[in-house]
Amino acid sequence: MLRIAIQKSGRLHDDSIGLLKDAGIGFSNGYGRLRTESYNFPLEIFFLRDDDIPEYVADGVADIGIVGENIVLEKGKRVETVSRLGFGKCRLSIAVPKNIDYLPGKTLEGSRIATSYPNILSKYLKEKGIQATLHDISGSVEIAPSIGLADAICDLVSSGSTLMMNGLKEVETILKSEAILIAAPQLNAAKQGILEQLNFRFDALLRAKSHKYILMNAPNQNIPQIIELLPGMRSPTVLPLAESGWSSIHTVVSESEFWSIIEQLKAAGAEGILVTSIEKMIL
Ligand code: ATP
Ligand code: ZN
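All values derive from a computational prediction rather than experimental measurement.

## Some remarks on the site of ligand 1
Piece 1. The immediate surroundings of ligand 1 are formed by 16 residues, with Arg11, Asp50, Asp51, Asn70 and Ser158 found nearest.
Piece 2. The side chain of Gln7 places a nitrogen or oxygen atom 2.9 Å from an oxygen atom of ligand 1.
Piece 3. Contact distances for ligand 1 include 2.8 Å between an oxygen atom and a side-chain N or O atom of Asp50.
Piece 4. Protein contacts shield 78% of the accessible area of ligand 1, which totals 630 Å² for the unbound molecule.
Piece 5. In the shell around ligand 1, the residues fall into four nonpolar, seven polar and five charged.
Piece 6. Domain assignment of the residues forming the shell around ligand 1 places at least three in each of domain 1 (2-87 + 178-208) and domain 2 (90-176).

Below, the structure is given as structure tokens:
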């Protein structure tokens, strides 16, 4: 049995549950439960505050966990990163009141900065050679400047709308973060085996999310040119259409190169291009 710690409630909760369920792990997660066991996979699930997850994993109370990389770096516990999970994306940034004329390296010198990330921030300031006083506060960091507690803040940002609502502007990005899968440094062979099985499923889901399945029709004489454009898993599938001289071409493309490939395919004579999501992708 492998024990995983995930966030009890908050920004990472739904996606963590979704990832486990999409990986075919069945469990009941009744409201307010602190632990549950899967009925079809050797996994026990603990629901915890995100801040506590690195410590539980480092101490071996849980074997693995899903938590923001920001928390893992801040806590500095001895855990291993198994994979990046593609959700919970945000950045840890420094922000100042928006009317300030910000000068990198100068404005923060001698300032007071409010943050819930004192370790990451002090390391960053040290690297930059900036002296500042840190106020370690655990929540609502963004109001610190307006109540006179600090001159600047260092906090998580995703869209930036919270900063804007509080009259702040983002001036430096310290770190880009997302949810990661972490593991205790030394798992026994049985647990390691379960982790590999689980990670294999996560990989298939993550890869599927970043790829699209595309189908298109083209006149046969254009096929060589079209095939040139397609990366695919091996080579594309080419099937004859009922109309002679035409074929249907199927392949997989990654999300990042998707639009540029579609444009080139059209230019190369592809028609009726269909794009669908992939549920799971195993290499
Ligand atoms: P807990 O009750 O578990 O301590 P919390 O309030 O500390 O929860 P959340 O706000 O739910 O934490 O955020 C959890 C994680 O979500 C963060 O550590 C971060 O990795 C990620 N995240 C993504 N976008 C944002 C954002 N805009 N603000 C804060 N966290 C974000
Ligand atoms: Zn927290």
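## Comments concerning helix H4 (residues 118-128)
Piece 1. Of all the positions in H4, only Pro118, Ile120, Leu121, Tyr124 and Leu125 are classed as buried. Each buried residue of H4 lies within a common arc of 165 degrees when the element is viewed along its axis, so the set occupies one face. The exposed set on the far side of H4, more than 90 degrees from its buried face, consists of Lys123, Lys126 and Glu127.
Piece 2. Residues of H4 that are buried sit in contact with helix H3 (69-75), strand S6 (90-97), strand S7 (112-115), strand S8 (133-136), strand S9 (152-157) and strand S10 (168-177).
Piece 3. One or two positions beyond H4, positive phi appears at Gly129, with a value near 70 degrees.

## Some points on the pattern of salt bridges
Piece 1. In the structure shown here, the tally under the stated rule is ten salt bridges.
Piece 2. For Arg35, the salt bridge goes to Glu37, with nearest N and O atoms at 3.2 Å.
Piece 3. A residue is classified by how much of its surface remains accessible, and Arg35, at 38% relative accessible area, is partly exposed.
Piece 4. Between Arg91 and Glu170 there is a salt bridge, with its nearest N and O atoms 2.7 Å apart. In this pair, Arg91 sits in strand S6 while Glu170 sits in strand S10, placing the two residues 79 residues apart along the sequence.
Piece 5. Glu170 sits in the partly exposed class, given a relative accessible area of 28%.
Piece 6. What emerges from the salt-bridge pattern is a single network uniting Arg3, Asp63 and Lys191.

## Re the domain arrangement of the chain
Piece 1. Structurally, the chain comprises domain 1 (2-87 + 178-208), domain 2 (90-176) and domain 3 (210-277).
Piece 2. Averaged C-alpha coordinates put domain 2 and domain 3 at centres separated by 48 Å.

## Let's talk about the side chain of His13
Piece 1. For His13, the position within the fold is in helix H1 (residues 13-22).
Piece 2. Excluding its chain neighbours within four sequence positions, the residues that come into contact with His13 are Gln7, Lys8 and Phe47.

## Examining the layout of surface pockets
Piece 1. Taken as a whole, the largest pocket encloses approximately 1000 Å³ of empty space.
Piece 2. Every residue lining the largest pocket is counted, 37 residues in all, and those nearest its centre are Arg11, Asp50, Tyr117, Asp155 and Leu156.
Piece 3. At the level of elements, H3, S9 and helix H5 (161-165) are the ones that each hand at least two residues to the lining of the largest pocket.
Piece 4. Broken down by class, the residue content of the lining of the largest pocket amounts to eleven nonpolar, 16 polar and ten charged.
Piece 5. Residues lining the lining of the largest pocket come from more than one domain, with at least three contributed by each of domain 1 (2-87 + 178-208) and domain 2 (90-176).

## A word on the sheet that holds strand S12 (residues 211-219)
Piece 1. Sheet architecture is open: four strands sit in the order S13-S14-S12-S15, paired in antiparallel fashion. The open sheet has two edge strands, strand S13 (237-240) and strand S15 (271-277), and neither has a second partner. In this sheet, neighbouring strand axes are inclined to one another by 20 degrees on average, regardless of whether the strands run parallel or antiparallel.
Piece 2. Two strands pair when backbone bridges link them, and S12 and strand S14 (residues 246-254) are joined in this way by nine bridges, in the antiparallel orientation. The residue bridging Pro219 from the neighbouring strand is Trp246, located in S14.

Thresholds applied
- Residues numbered from 1 in each chain as written.
- Chains lettered and ligands numbered in written order.
- Predicted model: local features only at pLDDT ≥ 70, side-chain atom pairs only at ≥ 80, totals over all residues.
- Heavy atoms only, no water.
- Near = heavy atom within 4 Å.
- Polar contact = N/O pair within 3.5 Å; in protein donor to acceptor, adjacent residues only side chain to side chain.
- Areas by Shrake-Rupley, 256 points an atom, 1.4 Å probe, with all protein chains shown as cover.
- Nonpolar A, V, L, I, M, F, W, Y, C, P; charged D, E, K, R; others polar.
- Domains from an automatic or database assignment.
- Buried < 20%, exposed > 50% of the residue type's maximum accessible area, 1.4 Å probe, protein only.
- Helix = DSSP H or I, 4+ residues; strand = E, 2+ residues; numbered from the N terminus.
- Arc of directions from axis to C-beta.
- Contact = heavy atoms within 4.5 Å.
- Salt bridge = Lys/Arg side-chain N within 4 Å of Asp/Glu carboxyl O.
- 1 Å grid on protein atoms, 1.4 Å probe; cavity = no way out; pocket = protein on both sides within 12 Å on 5 of 7 lines; lining within 4 Å.
- Points joined across faces, edges and corners; volume = space filled by probe spheres on them.
- Pairing = 2+ DSSP bridges.
- Axes fitted to C-alpha atoms, helices over the stretch in contact; angles between N-to-C directions.

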